[in-house]
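# Descriptive structure summary
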Amino acid sequence: MTATEASILRILRTAGEATRPQLAQACGISLVSINKAVAKLCTAGELQELGAIPSGGGRPVQVYRLNKEHSHHILIKTEREGNTYRCELERLNLMGEPEAFQKARYGYIDAESLDTSITAIAAAQNIRSISLLSGGNIPAAAIAAHLKSKYNCRVHTPSQAGILAARKEGTATLCLPPGQPATCAHYRYGKVTECGDLSLLPPGACWPPTQAEDRSLQVEISARLIQMICCILQPQRIVLYTPAWDTRQWERIRYNVVTKLKGNAPPIQFTEIPNRAAMEHAARAFASKVPLTY
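Residues numbered from 1 in each chain as written. Predicted model: local features only at pLDDT ≥ 70, side-chain atom pairs only at ≥ 80, totals over all residues. Heavy atoms only, no water.

## Focus: helix α8 (residues 247–260)
- Over its 14 residues, α8 extends 20 Å from the first C-alpha to the last, a length consistent with the 20 Å expected when each residue adds 1.5 Å.
- Turning to α8, its buried residues number three or more, namely Gln249, Trp250, Ile253, Asn256 and Val257. Viewed end-on, α8 has its buried residues packed into an arc of 125°, placing them on one side of the element. Exposed and facing more than 90 degrees away from the buried side of α8 are Thr247 and Tyr255.
- On its buried face, α8 is in contact with α7 (216–233), β12 (237–242) and β13 (268–272).
- With its phi angle positive at about 55°, Lys262 sits one or two positions after the end of α8. (Helix = DSSP H or I, 4+ residues; strand = E, 2+ residues; numbered from the N terminus. Expected span 1.5 Å × (residues − 1). Buried < 20%, exposed > 50% of the residue type's maximum accessible area, 1.4 Å probe, protein only. Arc of directions from axis to C-beta. Contact = heavy atoms within 4.5 Å.)

## Side note on the pairing of strand β9 (residues 171–175)
- Counting buried residues along β9, five of its five residues qualify, which places the element largely inside the surrounding structure.
- Side chains Thr171, Thr173 and Cys175 project from β9 onto one buried face, and the interleaved Ala172 and Leu174 project onto a second face that is buried too.
- Where β9 and strand β10 (residues 182–188) come together, five bridges link them in antiparallel fashion. Looking at the pairing, Cys175 lines up with Thr183 of β10.
- The pairing of β9 with β12 spans five bridges and is parallel. Bridging across to β12, Thr171 finds its partner in Arg237. (Pairing = 2+ DSSP bridges.)

## Looking at unusual backbone geometry
- Even without glycine at this site, Gln234 takes up a positive phi of about 50°.
- Residue position: Gln234 is located in the loop between α7 and β12.
- For Lys262, which is not a glycine, the phi torsion comes out positive at approximately 55°.
- By relative accessible area, which is 75% here, Lys262 ends up exposed.

## Some remarks on the environment of Ala111
- Tracing the backbone through its elements, the reader meets Ala111 in the loop between β6 (98–106) and α4 (115–122).
- Placed 36 residues apart in sequence, Ala111 and Leu147 show a C-alpha to C-alpha distance of 7.6 Å.
- With near-sequence residues (within four places) excluded, Ala111 lies in contact with Ala142, Ile143 and His146.

## Section: the pattern of salt bridges
- Taken as a whole and assessed by the stated rule, the structure comprises twelve salt bridges.
- Here Arg128 ties to Glu46 by a salt bridge, and the two come within 2.8 Å at their closest N and O atoms. A residue pair is termed long-range when its members are at least 10 positions apart, and Arg128 in strand β7 (residues 127–135) and Glu46 in the loop between α3 (31–44) and β2 (47–53) qualify at 82 residues. In terms of burial, Arg128 and Glu46 fall into one category: buried.
- Between Arg86 and Glu81 there is a salt bridge, with its nearest N and O atoms 2.8 Å apart. (Salt bridge = Lys/Arg side-chain N within 4 Å of Asp/Glu carboxyl O.)

Right under this line is the structure:
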C-alpha cells in the first residue's frame, strides 16, 4: 500500500465520504495522483462509489467511502491465569468496529495453538492484519512469524507503550507497569517505533519492599530510565505512564531528571496507567489503525 492510498483510507475513515478533489485537498497532493490511487483502491474493492453529485457548474463528481467489509483485523489478547492461558479474539472491520468475539483457554500457547480460533472467528473473511497482545510468558516472536506466514498479513506484537503511543511528532511514550519490564515507543516522521522491553532495569515486582509513603527507589529508577531515553532518542517531549503515584512522586521524578540532564530535559507529562477496560479500548483502536499508521 502506497503512502497516498494509506492517506486516502485514513481520511475516509474519519470523514466518512469524500470526492476526489476533497481528497486531493486533504492530502495536499495533485488530483492526478489522487485519481490513480482512488482507481486502484476501487479496483481492489477497498472503496465504494456512492454516486455523483453536482460540482458547482462543472461535471458532476463521484463520492467515495470505505468498503468496510473488504478486509478485517484480528485482535488477540492473551493473559496467564494460574496454570492456563485465557485468550480473547476479536474481528474488526475496516472502520475499527467489532464484528465477532470469541474466547478460548489453553494449557500452553505455541505457534499452532491459535489457528483453530482464528479460522473460526475470521469466517473466511480477508484478514488485513493481526495484533497479538501478550500478557504472559509466551513465545510471541515465534507465534507472530507463524501467523504472518500462514495468513499472509501484517502481524504486530505491540507493547503497552506502543498501544498508548502519543501521535505527536517527537514524543516518547514510556510505560512503567507494575511487575513488568518498562516499555517505550517513539513517534517520529509519522511513524511509531517500538523500543522493546527495557529489562536492563528491574521491574517493579523485583524492587525491595519499602514503606508505602517512601518511593525513593522507584523515583530514582524512573528518573534514570528517562535520562537514558533522552540521551538515546532525544525526544521533544515525554509521556510517562506510571502506577497510581501521587503528585509528589511525579514532581520528584521531574526534578531528578532536570538535575541529571542539567536543565536540558524535555517536557514530561505524567499520567496513570489505564485500567483494564481503558486498555482494551486502546488496544482495539490500535488494531484497527495498524495498516494505516504503522
